[in-house]
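A structural walkthrough
Below are the chains, spelled out letter by letter.
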Amino acid sequence: MKTAMILSTILFFLVNFYLFSVYFKEKKIKDHLEKLAVMFGANMSVLFVDSLILFFGALAEEGFLLMTIFA
């Protein structure tokens, strides 16, 4: 579970870094509302992927625990 949490945090920070350093400078978006829409859209997508990573990480961890109990 710790590994999945670390991976999801790294993914979240990398996407935000990409948004600020590359996308906003390249597109030169002046409208603040449009910047917020892009940020929230990207962050909601990342949080969805993070929740999938955490869910399957928890399933894998629980599966390994069950395998060691029944073995």
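Each remark here, short or long, concerns the structure printed above.
Below, the structure is looked at part by part. (Residues numbered from 1 in each chain as written. Predicted model: local features only at pLDDT ≥ 70, side-chain atom pairs only at ≥ 80, totals over all residues. Heavy atoms only, no water.)

1. Regarding the overall build of the protein chain
Tallying secondary structure elements over the protein chain gives two helices and zero strands in all. In the protein chain, the proportion of contacts linking residues at least 24 apart, taken out of those at least 6 apart, comes to 67%. Accessible surface, the protein chain as shown: approximately 5,700 Å² in total, 77% of it carbon and sulfur. (Helix = DSSP H or I, 4+ residues; strand = E, 2+ residues; numbered from the N terminus. Contact = heavy atoms within 4.5 Å. Areas by Shrake-Rupley, 256 points an atom, 1.4 Å probe, with all protein chains shown as cover.)

2. So, the environment of phenylalanine 20
Examined against the element boundaries, phenylalanine 20 turns out to sit in helix 1 (residues 2-27). Sequence-wise, phenylalanine 20 and methionine 39 are 19 residues apart; in three dimensions their C-alpha atoms are separated by 9.1 Å. In this structure phenylalanine 20 touches Lys25 and Met39, once residues within four positions along its chain are discounted.

3. Quick notes on helix 1
Compared with the 38 Å implied by 1.5 Å per residue over 26 residues, the 36 Å span of helix 1 between its first and last C-alpha is a close match. At leucine 19, helix 1 is bent by approximately 35°, the largest bend along its length. Listed in full, the buried residues belonging to helix 1 are Ala4, Ser8, Asn16, Leu19 and Phe24. Following helix 1 by one or two positions, lysine 28 adopts a phi angle in the positive range, close to 50°. (Expected span 1.5 Å × (residues − 1). Bend = angle between axes of the 7 residues up to and from the residue. Buried < 20%, exposed > 50% of the residue type's maximum accessible area, 1.4 Å probe, protein only.)

4. Let's talk about the packing of aromatic side chains
Taken as a whole and judged by the stated rule, the model has two aromatic pairs. Between phenylalanine 55 and phenylalanine 56 the ring centres are 5.3 Å apart and the planes differ by 70°, which places this aromatic pair in the edge-to-face class. Looking at phenylalanine 56, the relative accessible area reads 51%, which means it is exposed. (Phe/Tyr/Trp six-rings, centres within 6.5 Å; stacked < 30°, edge-to-face > 60°.)

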